[in-house]
Amino acid sequence: MILNELAQGLRPTVEGVEWFEGLSEDDQRKALHALVLFCGQARAREEDAPESIARSGIRPTHTPAVMLTKWRFGMESLPAYELTKSFRLLVALFSIADTRRRVLHCVGGCGHERHNLSAQPQDPT
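Scope of this entry: the structure provided in the associated data block.

Rules used in this analysis
Residues numbered from 1 in each chain as written. Predicted model: local features only at pLDDT ≥ 70, side-chain atom pairs only at ≥ 80, totals over all residues. Heavy atoms only, no water. Core = buried A, V, L, I, M, F, W, Y, C linked by side-chain atoms within 4.5 Å. Buried < 20%, exposed > 50% of the residue type's maximum accessible area, 1.4 Å probe, protein only. Helix = DSSP H or I, 4+ residues; strand = E, 2+ residues; numbered from the N terminus. Contact = heavy atoms within 4.5 Å. Axes fitted to C-alpha atoms, helices over the stretch in contact; angles between N-to-C directions. Parallel < 35°, antiparallel > 145°, perpendicular 65-115°, else oblique. Nonpolar A, V, L, I, M, F, W, Y, C, P; charged D, E, K, R; others polar. Phe/Tyr/Trp six-rings, centres within 6.5 Å; stacked < 30°, edge-to-face > 60°.

This brings us to the nonpolar core. Generally speaking, nonpolar side chains in soluble globular proteins are found buried as a group. In terms of nonpolar packing, the biggest core is built from 29 residues, with Leu 35, Met 75, Phe 87 and Leu 90 touching the most fellow members. Among the secondary structure elements, those contributing two or more residues to this core are α1 (2-7), α2 (13-21), α3 (25-41), α4 (49-56), α5 (63-69) and α6 (83-105). Setting aside its immediate chain neighbours within four residues, Phe 87 contacts Leu 3, Leu 6, Gly 16, Val 17, Trp 19, Phe 20, Leu 32 and Leu 35.

We now examine unusual backbone geometry. Of note in the backbone geometry, Arg 43 takes a positive phi value of approximately 65° without being a glycine. When you line up the elements, Arg 43 lands in the loop between α3 and α4. Phi at Trp 71 is positive, roughly 55°, even though this residue is not glycine. Tracing the sequence through the fold places Trp 71 in the loop between α5 and α6.

Another point: the packing of α2 against α3. Between α2 and α3, whose axes approach to 9 Å, the crossing angle comes to 130°. What the angle tells us is that α2 and α3 run oblique. In this structure, α2 contributes Trp 19, Phe 20 and Glu 21 to the contact, and α3 contributes Gln 28, Ala 31 and Leu 32. Residues of the contact of α2 with α3, tallied by class, amount to 4 nonpolar, 1 polar and 1 charged.

With that settled, consider the packing of aromatic side chains. For any pair of aromatic rings, geometry is given as the distance between the ring centres together with the angle between the planes. Under the counting rule described, the total for this entry stands at 4 aromatic pairs. Measuring from centroid to centroid gives 6.2 Å for Trp 19 and Phe 87, while their planes differ by 50°, and the two rings are tilted. Residue Trp 19 is found in helix α2, and its partner Phe 87 is found in helix α6; the two are separated by 68 residues along the sequence. A centroid spacing of 4.3 Å and a plane angle of 15° characterise the contact between Phe 20 and Phe 87, whose relative ring orientation is stacked. A residue pair is termed long-range when its members are at least 10 positions apart, and Phe 20 in helix α2 and Phe 87 in helix α6 qualify at 67 residues. On the accessibility criterion, Phe 20 (0% relative accessible area) is buried. Ring-pair connections join several aromatic residues into one group, and the members of that group are Trp 19, Phe 20 and Phe 87.

Shape is all these values report; function is a separate question.
And the structure:
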């Protein structure tokens, strides 16, 4: 739920990063793996990489950004100090792809719960 809220701008990135950094390292790696899957489901494209890097606020020379420009995933296997950068980058990629999908394929409404989050009660945690 939090990842979808971040992608749709319903939760600020800073709050998402705080949530992510509060997870155990194992759970952070699981969250990154889930984000990669969500990016695939949202039909992220290789040409989304530059905008994702720009939105994420990480430098294009950081390892996760270099991986993304080569359309390589597996950020969950990076050293622990790269996980937050990977999270920021993958949230940005997911946001770009999910927004495009909602505009192109779900305009006028859809049955995807993840696209109707603003109508659902929000958990403050």
